[in-house]
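Structural characterization, general
This is what each chain is made of:
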Amino acid sequence: MTGQALLWGLLYALPLVVRSDFLLTIFIFTFIYGILGVTFDLIFGFTGQLSMFHPAVFGVSAYMTHLLAVRFALPFWVATLPSAAAAIVLALIVGSICFKFRLKTFYFAVVTLAFAEMIRLVVMNWNSVTNGTLGLVVSGKPTIYWPGSGVVPIKGPIAWYYLTLVCLTLTVLICSRCLGSWMGRCFGAIRLNEDLARTLGINVFRYKLLSFLIGCALASFAGALYGYYTGYIDPGYFSINQSMEVLAMVLLGGQGTLLGPIVGSFVLTGLPHAIDLRAEVRAMLYGAILIFTILVMPRGIVGTLFALRSKRDA
Amino acid sequence: MTLEVRGLSKHFAGLVAVADVSFAVEPGEIVGIIGPNGSGKTTLLSMMAGLLTPTFGSVLWKGSEIQALRPEIIAGLGVVKTFQNPQVFAELSVFDNVQVASHLALKRALGFRRGLEVLGAARAVERRLAERVAEVLALCDLGGAARQLAGNLSYGEEKMLGLAMALMCDPEILLLDEPASGLGRDEVHKLAAVLAKLHDAGTTLCLVDHKIGFLRGLAGRVIALNYGRKIAEGTPEQVLNDRAVIEAYLGVRQGAGHARA
């Protein structure tokens, strides 16, 4: 536990030492994808449901936050709330359908993927609102109230670094509170043995849905941040590649841990930036890393480290 | 009348697993169900716990029908079942296994206020439950293994853990599916002692078992099944001396005795 606290402390102190825009940018992407990874892991690693719906939530929230902010002249943070609400409604619909019909493993993955594709097609073809495949340019900036200087926009790598880090920290805190309580016990029971969970009085449908809702609601913030940070939104946000990338991060970092997805996100966003490679070569490297992890350390980086530590303690 | 089974039948694609079985379990009773392999004992118990939906007939708990309810609801009403092949969360510790089973108790204690517990505002309840978990583990003689992974337990210990988890659900009636099968002699004694303690504490028990000796020592009343039908009901001695039971269940000629225990 102290090790993890130290790690977070280091992350918060990093910009005091590191001034390189290049490195900070890697961390910013790491944090945004980290939010996506952690919330995906809540559904996949902790509750055992392989959801392919995350890109849909990510994309819808990116579009909605931007469109609401522009059309109604709302500040970024106010606009994220209806987006999170939309994510919850979507997750409620998709989750209810899937869990009511008791779709598991691949069936659940395929059906959530189909729903995500449906949403992608709507976004791609709703030209009047979404500008179709051309996408939208996001020129706004998130603002925060800073004592002394009033409401200031978030600009520059250091401000973005802290903004995304705080959002990631909050996400991890919320998830760890949920997982550390009876809720987490129910999620784990469902992942490990659904039938047994049922006979112990756990409403499997309700807790699967709850996990899905929390995961999707929190993931929506990643979408909003990503759109504002990159300044550009297009239907690529919804692509199946996003699902694969998040899954890869979680598997690489360690499923069923909160730290794992962040480490995975760092390796998979950082490495390709750090080593300047052609896109095809990069994709191959991705694949090679993934195959290596699954074969050599199926628990992922963090899972393997935890296992080593508990072996040493024992 | 606590639990009543009325004309219960279950057909699996043409196979009649349970046919028109009726009986009642009174509060505080220990009822045993015996029968040869494939006679429908487990199917009957599963229907009583809501794990299977009966083809015909009904299960009444305190006067209302429960056969169409979901198993988690039935567990919440106080009818809890254990499994013949022990079902545990192998990747969790023994303590955590039983703690998962404290879900219903927490729900009863806090209701929707358990949302507060997520924020860390209802710690006291959680601590009390952890104490209950330790008590239940001690009762089931698993206190020493609390930190072990459930997957590393022996078969007998796993069965005890299954029982401990069921107990944590605060059952009014406990449905036990062959609790003694596969256990060693000492473990059977231990199990019998735990069940006797539960009975003294007022829990109603309904158990299915092969070991007639085990049932004879515990059950006040025994029901015998064969090919899904009830063929006898009465005190253990009556049932064990019943001609139909001896023929069907023991598979030996009348007079050859029922000493196999």
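Residues numbered from 1 in each chain as written. Chains lettered and ligands numbered in written order. Predicted model: local features only at pLDDT ≥ 70, side-chain atom pairs only at ≥ 80, totals over all residues.

1. Describing the sheet that holds strand β5 (residues 64-65) of chain B
Residue and element names in this part refer to chain B.
- With antiparallel pairing, four strands are arranged side by side in an open sheet as β2-β1-β4-β5. A strand with exactly one partner marks an edge of an open sheet, and here the two such strands are β2 (15-25) and β5.
- Sheet strands touched by helix α1 (residues 41-48): β1 (3-12), β2 and β4 (56-61). Its angle to β1, the strand with the most contacts, is close to 120°. (Pairing = 2+ DSSP bridges. Helix = DSSP H or I, 4+ residues; strand = E, 2+ residues; numbered from the N terminus. Contact = placed C-beta atoms within 7 Å. Axes fitted to C-alpha atoms, helices over the stretch in contact; angles between N-to-C directions.)

2. As for the nonpolar core
- The biggest cluster of nonpolar side chains holds 169 residues, and the ones touching the most others in it are Ile35 of chain A together with Ala164 of chain B.
- The element that contributes the greatest number of residues to this core is helix α10 (residues 204-230) of chain A, accounting for 15 residues.
- Excluding its chain neighbours within four sequence positions, the residues that come into contact with Ala164 of chain B are Val98, Val136, Leu137, Cys140 and Leu142 of chain B. (Core = buried A, V, L, I, M, F, W, Y, C linked by C-beta atoms within 7 Å. Buried ≥ 20, exposed ≤ 12 C-beta atoms within 10 Å, placed from the backbone.)

3. Remarks on the sheet that holds strand β10 (residues 229-234) of chain B
Residue and element names in this part refer to chain B.
- Spatially, the six strands line up as an open sheet ordered β6-β7-β8-β3-β9-β10, and their pairing is mixed. Each end of this open sheet is capped by a strand with a single partner; those strands are β6 (79-81) and β10. Geometrically, the sheet is characterised by an average inter-axis angle of 15° between neighbouring strands, direction not taken into account.
- Note: β6 against strand β7 (residues 173-177), three bridges, orientation parallel. Residue pairing across strands places Val80 opposite Leu174, the latter belonging to β7.
- Across the sheet, α1 touches β3 (30-34), β6, β7, β8 (204-208) and β9 (221-226), and the angle it forms with β7 is around 150°.

4. Some remarks on the pairing of β7 of chain B
Residue and element names in this part refer to chain B.
- Counting buried residues in β7 gives five out of five residues, a clear majority hidden from the surface.
- Every second residue of β7 is oriented toward a common face, with Ile173, Leu175 and Asp177 on one face and Leu174 and Leu176 on the other, all of them buried.
- Bridge count for β7 against β8 is five bridges, and the pairing is parallel. Within β8, the residue paired with Leu175 across the bridge is Cys206.
- For the handedness criterion, the β-α-β arrangement of β7, helix α8 (residues 185-200) and β8 is classed as right-handed. (Right-handed = clockwise from strand over helix to strand, strands pointing away.)

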